[in-house]
Amino acid sequence: MNQWRSPTAEAIYRNHTGVAVRSGGTSPKARRRVSAADIHWADLILVMKEQHRERLKRQFPDAYRQCRIEVLEIEDRFRAMDPRLIAELRSAIDPLLEDELA
């Protein structure tokens, strides 16, 4: 519901050199829902679970084909900015960013 994982990722990468970030959820109950404009804007979309990728594919079939989407497989078990969540996010995202920025 775009409460803990995505906003934490956005916060820790907000000032990362060469990266622009936005956080959004795929659930109708999300604080901020992903839009077609977000997908068109992005070069790389990171989702926490496979079900999130599937929702994007269903909701935005045309835009979905135009960008790279990676599934991080990070469970929803931490609160925002929890050090364990930050460690999991960095472990999953840093290698992807290295590839993307190379």
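As the structure is a computational prediction, the values presented were derived from the model and not from experiment.

1. Focus on the overall build of the protein
When you go through the protein residue by residue, the secondary structure sums to 5 helices and 2 strands. Across the protein, helices and strands are ordered from the amino to the carboxyl terminus as α-α-β-α-α-β-α. A compact globule built from 102 residues would reach a C-alpha radius of gyration of about 13 Å, and the protein, at 13 Å, matches this within 12%. Counting all 102 residues of the protein, 39% fall into the buried class. The average position of the 18 basic charges and that of the 16 acidic charges among the side chains of the protein differ by 7 Å.

2. Concerning the pattern of salt bridges
Once the charged atoms of two side chains with opposite charge are near each other, the side chains can pair. Counting across every chain of the model gives 11 salt bridges. Put simply, Arg-5 and Asp-76 hold a salt bridge, and the shortest N to O gap is 3.9 Å. Residue Arg-5 is located in helix H1 (residues 5-13), and its partner Asp-76 is located in the loop between strand E2 (68-71) and helix H5 (83-101); the two are separated by 71 residues in the primary sequence. Classification of Asp-76 as partly exposed rests on a relative accessible area of 48%. Residues Asp-38 and Arg-32 are paired through a salt bridge, measuring 2.8 Å at the closest nitrogen-oxygen approach. Overlapping salt bridges bring together Arg-22, Arg-32 and Asp-38 as one network.

Basis of the calculations
Residues numbered from 1 in each chain as written. Predicted model: local features only at pLDDT ≥ 70, side-chain atom pairs only at ≥ 80, totals over all residues. Heavy atoms only, no water. Helix = DSSP H or I, 4+ residues; strand = E, 2+ residues; numbered from the N terminus. Rg over C-alpha atoms; globule rule 2.2 N^0.38 Å. Buried < 20%, exposed > 50% of the residue type's maximum accessible area, 1.4 Å probe, protein only. Lys, Arg positive; Asp, Glu negative; His and termini not counted. Charge placed at Lys NZ, Arg CZ, Asp CG, Glu CD. Salt bridge = Lys/Arg side-chain N within 4 Å of Asp/Glu carboxyl O.

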